Amino acid sequence: RNIPPGEYELMARPQGSMASPGGGLVPASGSPAEFGSVQIDLVADVENVLIATTTGAVVRGEAVFDEALPPGGRFTISPTATKTRTYSGPPSVETTGTQFTMKGLFGPMLLRGNASGGPQTWALKAVLLRGKDITDEPTTFASSDSGHLQVVFTAKAPALEGSVTLEDGQPALGATVVLFSHDPKTWTSRSSFNRMMPVGKDGKFLVRGLREGRYYAAAVPPEVMAGFGQLTPEFMETLSSVATVVTLNEGETRSLDLRLLKFEQQ
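Computed from a predicted structure; not experimentally measured.

About the cut-offs
- Residues numbered from 1 in each chain as written.
- Predicted model: local features only at pLDDT ≥ 70, side-chain atom pairs only at ≥ 80, totals over all residues.
- Heavy atoms only, no water.
- Helix = DSSP H or I, 4+ residues; strand = E, 2+ residues; numbered from the N terminus.
- Buried < 20%, exposed > 50% of the residue type's maximum accessible area, 1.4 Å probe, protein only.
- Polar contact = N/O pair within 3.5 Å; in protein donor to acceptor, adjacent residues only side chain to side chain.
- Arc of directions from axis to C-beta.
- Contact = heavy atoms within 4.5 Å.
- Pairing = 2+ DSSP bridges.
- Patch = residues over 30% accessible without salt bridge, like charges linked within 9 Å, V, L, I, M, F, W, Y side chains within 5 Å.
- Areas by Shrake-Rupley, 256 points an atom, 1.4 Å probe, with all protein chains shown as cover.
- Salt bridge = Lys/Arg side-chain N within 4 Å of Asp/Glu carboxyl O.
- 1 Å grid on protein atoms, 1.4 Å probe; cavity = no way out; pocket = protein on both sides within 12 Å on 5 of 7 lines; lining within 4 Å.
- Points joined across faces, edges and corners; volume = space filled by probe spheres on them.
- Axes fitted to C-alpha atoms, helices over the stretch in contact; angles between N-to-C directions.
- Core = buried A, V, L, I, M, F, W, Y, C linked by side-chain atoms within 4.5 Å.
- Phe/Tyr/Trp six-rings, centres within 6.5 Å; stacked < 30°, edge-to-face > 60°.

## Remarks on the side chain of Ser240
One can find Ser240 in helix α2 (residues 233-240). Under the relative-accessibility criterion, Ser240 is labelled buried at 18%. Within the structure, Ser240 has its side chain in polar contact with the backbone oxygen of Glu237 (distance 2.7 Å).

## Observations concerning α2
Within the span of α2, buried status applies to Phe235, Met236, Leu239 and Ser240. Down the axis, α2 shows its buried residues gathered within 135° of arc, on one side only. With respect to the buried face of α2, the exposed residues turned more than 90 degrees away are Glu234 and Glu237. Buried positions along α2 lie against β14 (176-181), β17 (213-220) and α1 (222-228).

## Thoughts on the pairing of strand β12 (residues 149-154)
When a strand is regular, its side chains alternate between the sheet's two faces. Within β12, 5 of the 6 residues are buried, which leaves it mostly tucked inside the rest of the structure. By the bridge criterion, 5 bridges tie strand β5 (residues 57-65) to β12 in an arrangement that is parallel. What sits directly across from Phe65, in β12, is Phe153. As judged from the 6 bridges shared by strand β10 (residues 123-129) and β12, these two strands associate in the antiparallel manner. By the bridge assignment, Ala123 is partnered in β12 with Thr154.

## Looking at a nonpolar patch on the surface
Taken together, Leu10, Val46 and Val49 make up a surface patch of nonpolar side chains, about 210 Å² in accessible area. With respect to the helices, strands and loops of the structure, Val49 is situated in the loop between β4 (36-42) and β5.

## Some details on the layout of surface pockets
The space that makes up the largest pocket amounts to roughly 380 Å³. Lining the largest pocket are 14 residues, and of these Arg1, Ile3, Leu42, Ala44 and Val46 sit closest to its centre. Listing elements by their share of the lining of the largest pocket, those giving two or more residues are β1 (6-12) and β4. Looking at which element gives the most residues to the lining of the largest pocket, the answer is β1, with 3 residues.

## Side note on the sheet that holds β14
Strand order across the open sheet formed by 4 strands is β15-β14-β17-β18, with antiparallel pairing between neighbours. What marks the edges here is a single partner per strand, and that holds for β15 (195-198) and β18 (244-248). Each strand axis lies, on average, 25° off the axis of its neighbour in the sheet, ignoring direction. Pairing geometry for β17 and β18, over 5 bridges, is antiparallel. Bridging from a neighbouring strand, Tyr216 pairs with Val245 of β18.

## Details of the nonpolar core
Within the largest apolar cluster, 21 residues are counted, with the highest numbers of intra-cluster contacts made by Phe75, Met102, Phe141, Leu149, Val151 and Phe153. Taken together, the elements giving at least two residues each to this core come down to β5, β6 (74-81), β8 (99-105), β9 (109-116), β10 and β12. Top contributing element to this core by residue count: β5, with 4 residues. For Phe75, the residues in contact, after removing those within four places along its chain, are Ala63, Phe65, Thr95, Gly97, Thr98, Gln99, Phe100, Asn114, Ala115 and Phe153. Membership of the second largest hydrophobic core comes to 18 residues, among which are Val164, Ala175, Phe193 and Leu258.

## Structural notes on the packing of aromatic side chains
Throughout the structure, instances matching the rule amount to 9 aromatic pairs. On the numbers, 5.3 Å between centres and 15° between planes, the contact of Phe65 with Phe153 is stacked. Placement of the pair is Phe65 in strand β5 and Phe153 in strand β12, with a sequence separation of 88 residues. Accessibility expressed as a relative area gives 17% for Phe65, which makes it buried. When the ring of Phe75 is compared with that of Phe153, the centres are 6.4 Å apart and the planes differ by 50°; the resulting orientation is tilted. You can see Phe75 sitting in strand β6 and its partner Phe153 sitting in strand β12, a full 78 residues away along the chain. Note on accessibility: Phe75 and Phe153 belong to one class, buried. An aromatic cluster is present here, built from Phe65, Phe75, Trp122 and Phe153 joined pairwise through their rings.

## Overview of the pattern of salt bridges
For the structure shown, the criterion picks out 9 salt bridges. As a salt-bridge pair, Glu94 and Lys103 come within 3.5 Å of each other at their nearest N and O atoms. Classification of Lys103 as partly exposed rests on a relative accessible area of 35%. Among the salt bridges present, the one from Arg112 reaches Asp136, with a minimum N-O distance of 2.9 Å.

Structure follows, in structure tokens:
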């Protein structure tokens, strides 16, 4: 009652939920928990709202490596909700060999992953669903996606190294090197292209595990980074007009020297 007009998400969850050992939530009864939600555009009284609940999608996928993963090598898959929700717990993920199973998937998700093993530095190359790259595309997964999902890791991820200096050539201590895609379509805070790396005491930096592509690179003063905290679309748009463009190809380590940016005081 007495709800101001606007767009709302109405959520339903079981009472007495608790965390399960494998992740996610289960009600006190021990049965699999069911959750549901519905979008409502409230302009007048709404009656007879139906919320269909579900235990969430179960999706099986495969981790793919461009080089053989050494014995003892491991990988993890991390589904991350793109909307802040309090009615459902995090999905659980089980791995067997190069196969993984995600349970309790609700709403739009981004998949991220890490791999380790051998002398290689492994990095996420792409997330593919039916051959389409969805790495930065929030996706509501369905059980029918099983067998069509691949998380691709590479041991040939490009890297970027270099130094940051002041106008007098001295190292720019405290600066942060910001990297983000040249493509404005990816200018989101969760983009897999985003990187922020503080420079060392000698003013040098090294960023590994990058995705291939064309980037903007900028050296930002500490007081500016403190004001933003994270890469927002607005911040990336501002930086794009003064940043340096660099293309990173598979397996290469590019060298790039940057001058610390100056920002006018507001």
